[in-house]
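Take a look at the letters that make up each chain.
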Amino acid sequence: MTRPPGPPATPRPLRLSRRRTVLALVPALAAAALLTTAGCSAGDGAGSGAAPKADAAVSASPVAGQAPSPSPSVTVAPTLTEAQVKSALISGKDLGEDWKPTQGGATWRDALLKGRTDIPDCQRLLDGLYAEDLLGEPAGARAVRGLDDTDDGAQVRYQVGAYDRAALDASLAWLKAVPEKCGQFTAADVRGGELTVQVTATALPGVGEARENLRVRVYGESGDAPAVLTLDFAAVRVGDSALSLTNGGLDGVDANSTRQAAQLGTQRLQDVLAGKKPAARPANEEG
């Protein structure tokens, strides 16, 4: 007897055995473990097989794989020695045959440059002219030379020194402002009399890296007689070094001598700083 066909059988879901599942996960877990171990080894660098020192240095830099930026270069200005500042001084031969080594400070220095005023900037000017330190104290070597003009009694006081750059620039900036602050003022002299001082700015040739030039007139008495002292003060900066000079006397000032001293002196200073030897002086010239 033949039975009629029954309903089709429902397909059963395919199941993987527990053993197959475990075997399939083993390779993935092993790979993950290897990656984790490698990461830890690179991080602490401990044990054998640590990263080479070069790699460790790169990792310690601010940005991985990028070396730290080098420090900016520093330019060191030449420092003048005692011998060099002396060789940078001008001589009487640089100014003309009337100029000779000085015989000492002129009498008008005490009579017309030693004064007292209540204006701080103007007092600084008088004190600086008298002490010959309007640029301040040098930070290094300094040399000074005095010259007398045997024709009209003028004197040149000339010096070269090595300075602190910031202090030197500040002194030059102050000198630039002096004509406005102390264009005319009065001061008491050492005998209680009155000095009248006038200050103007005058031009120098375009020498050096910075420069200032003042014309100072002092009206007072010298030797119990009325007197007028006329002085040029000039300063020129070359790097961290500078030259400065006063030129003048009771019979006026020769502006050409001031300019000539500044020009020739700047060239000598530049030569010395460049390692060159300035032009030789005659054998009988003061050393």
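Here the structure is shown first, and the text comes after it.
Residues numbered from 1 in each chain as written. Predicted model: local features only at pLDDT ≥ 70, side-chain atom pairs only at ≥ 80, totals over all residues. Heavy atoms only, no water.

*Asks:* Even after reading the chapter, I still don't get the packing of aromatic side chains, so can you show me in this structure?
*Replies:* Evaluated as defined, the whole model comprises zero aromatic pairs. When the ring centre of Y130 is taken as origin, the NZ or CZ atom of R109, which lies over that ring, is 5.5 Å away. Sitting over the ring of W174, R124 keeps its end group 3.9 Å from the ring centre. (Phe/Tyr/Trp six-rings, centres within 6.5 Å; stacked < 30°, edge-to-face > 60°. Lys NZ or Arg CZ within 6 Å of the ring centre and 35° of its normal.)

*Asks:* How should I be thinking about the pairing of strand β5 (residues 184–189) in this particular structure?
*Replies:* Consecutive side chains along a regular strand alternate between the two faces of the sheet. Pairing of strand β2 (residues 115–116) with β5 involves two bridges; the strand directions are antiparallel. Opposite R116, over in β5, you have A188 as the bridge partner. Note: β5 against strand β6 (residues 194–201), five bridges, orientation antiparallel. Counterpart to T186 in the pairing with β6 is T196. (Pairing = 2+ DSSP bridges. Helix = DSSP H or I, 4+ residues; strand = E, 2+ residues; numbered from the N terminus.)

*Asks:* Even after reading the chapter, I still don't get the sheet that holds strand β7 (residues 210–221), so can you show me in this structure?
*Replies:* In a beta sheet, neighbouring strands pair by backbone hydrogen bonds and run either parallel or antiparallel. Spatially, β1-β3-β4-β9-β8-β7-β6-β5-β2 is the arrangement adopted by the nine strands of the open sheet, whose pairing is antiparallel. Every other strand in the sheet has two partners, leaving β1 (99–101) and β2 as the edge strands with one partner each. Sheet topology note: the strand β4 (residues 155–162)/strand β9 (residues 241–249) ladder contains eight bridges and is antiparallel. Residue pairing in the sheet places V160 in a bridge with L243 of β9. With respect to the sheet, helix α8 (residues 255–273) is in contact with β1, β4, β7, β8 (226–238) and β9, its orientation differing from that of β9 by roughly 160 degrees. (Contact = heavy atoms within 4.5 Å. Axes fitted to C-alpha atoms, helices over the stretch in contact; angles between N-to-C directions.)

*Asks:* When you look at the pattern of salt bridges in this model, what are you seeing that I'm missing?
*Replies:* Oppositely charged side chains can pair when the atoms bearing their charge come close. A full pass over the atoms with the stated rule returns ten salt bridges. Across the pair D240 and R165 runs a salt bridge whose closest N-O atoms are separated by 2.7 Å. With D240 in the loop between β8 and β9 and R165 in helix α7 (residues 165–181), the pair connects residues that are 75 residues apart, well separated along the chain. Given the relative accessible area of 33%, R165 is considered partly exposed. The partner of D224 in a salt bridge is R191, and the shortest N-O contact between them spans 2.9 Å. Placement of the pair is D224 in the loop between β7 and β8 and R191 in the loop between β5 and β6, with a sequence separation of 33 residues. Taking relative accessible area as the criterion, D224 reaches 64% and is therefore assigned exposed. Each of R109, E132 and R157 takes part in a single network of salt bridges with overlapping partners. (Salt bridge = Lys/Arg side-chain N within 4 Å of Asp/Glu carboxyl O. Buried < 20%, exposed > 50% of the residue type's maximum accessible area, 1.4 Å probe, protein only.)

*Asks:* Even after reading the chapter, I still don't get α8, so can you show me in this structure?
*Replies:* Given 3.6 residues to a turn, an α-helix orients residues that are three or four positions apart in the same direction. The end-to-end C-alpha distance of α8 is 27 Å, a good match for the 27 Å that 19 residues give at a rise of 1.5 Å each. Between the side-chain oxygen of the N-cap and the backbone nitrogen of N256 there are 3.0 Å, and the N-cap of α8 in question is D254. (Expected span 1.5 Å × (residues − 1). Polar contact = N/O pair within 3.5 Å; in protein donor to acceptor, adjacent residues only side chain to side chain.)

*Asks:* What exactly am I supposed to notice about the nonpolar core here?
*Replies:* Nonpolar side chains tend to gather and get buried jointly when the protein is soluble and globular. One finds L112, L125, L135, L175, F185 and V199 to be the most contacted residues of the largest nonpolar core, which totals 33 residues. Looking at this core, the elements that each hand over two or more residues are α5 (108–113), α6 (120–131), α7, β5, β6, β7 and β8. Filtering out sequence-adjacent residues up to four positions away, L175 remains in contact with L134, L135, E212, L214 and F233. Within the second largest apolar cluster, 27 residues are counted, among which are A154, V160, L204 and V238. (Core = buried A, V, L, I, M, F, W, Y, C linked by side-chain atoms within 4.5 Å.)

*Asks:* Quick question: what am I supposed to make of the environment of L243 here?
*Replies:* Here L243 is to be found in strand β9. A relative accessible area of 0% places L243 in the buried class. Beyond its immediate sequence surroundings of up to four residues, L243 is in contact with L135, Y158, Q159, V160, A234, A235, V236, A262, G265, T266 and L269.

*Asks:* Teacher, can you tell me more about the state of the cysteines here?
*Replies:* When the sulfur atoms of two cysteines share a covalent bond, that bond is a disulfide. Per the counting criterion, the structure on display carries one disulfide. Here C122 pairs with C182 through a disulfide, and the sulfurs are 2.2 Å apart. With the S-S dihedral at roughly -105 degrees, the linkage between C122 and C182 falls on the left-handed side. Separated by 60 residues along the polypeptide, C122 in helix α6 and C182 in the loop between α7 and β5 bring together distant segments of the chain. A relative accessible area of 0% places C122 in the buried class. You can call C182 buried: its relative accessible area is 0%. (Disulfide = S-S within 2.5 Å.)

*Asks:* Sorry if this is basic, but what is going on with a negative patch on the surface here?
*Replies:* A surface patch of negative charge is lined by E97, D98, D151, D152, D251 and D254. Structurally, D251 can be placed in the loop between β9 and α8. (Patch = residues over 30% accessible without salt bridge, like charges linked within 9 Å, V, L, I, M, F, W, Y side chains within 5 Å. Areas by Shrake-Rupley, 256 points an atom, 1.4 Å probe, with all protein chains shown as cover. Lys, Arg positive; Asp, Glu negative; His and termini not counted. Charge placed at Lys NZ, Arg CZ, Asp CG, Glu CD.)

*Asks:* Any chance you could explain empty space enclosed by the protein here in plain terms?
*Replies:* Gaps between atoms show up when a probe of the same size as a water molecule is rolled over them. Evaluated as defined, the whole model comprises two cavities of 30 Å³ or more. Estimated volume of the largest cavity: approximately 80 Å³. In terms of lining residues, the largest cavity is bounded by 13 residues, among which E132, D133, Q159, F233 and S244 are the most central. Contributions of two or more residues to the lining of the largest cavity are made by β4 and β9. Of the residues that constitute the lining of the largest cavity, the class distribution is six nonpolar, four polar and three charged. In this structure, the second largest cavity encloses a volume near 50 Å³. In terms of lining, the second largest cavity is formed by W108, R109, L113, L129, Q155, R157, L231, T246 and G248. Counting residues per element, the ones that place at least two in the lining of the second largest cavity are α5, β4 and β9. Broken down by element, the residue count for the lining of the second largest cavity peaks at three residues, all from α5. In terms of residue class, the lining of the second largest cavity is made up of four nonpolar, three polar and two charged. (1 Å grid on protein atoms, 1.4 Å probe; cavity = no way out; pocket = protein on both sides within 12 Å on 5 of 7 lines; lining within 4 Å. Points joined across faces, edges and corners; volume = space filled by probe spheres on them. Nonpolar A, V, L, I, M, F, W, Y, C, P; charged D, E, K, R; others polar.)

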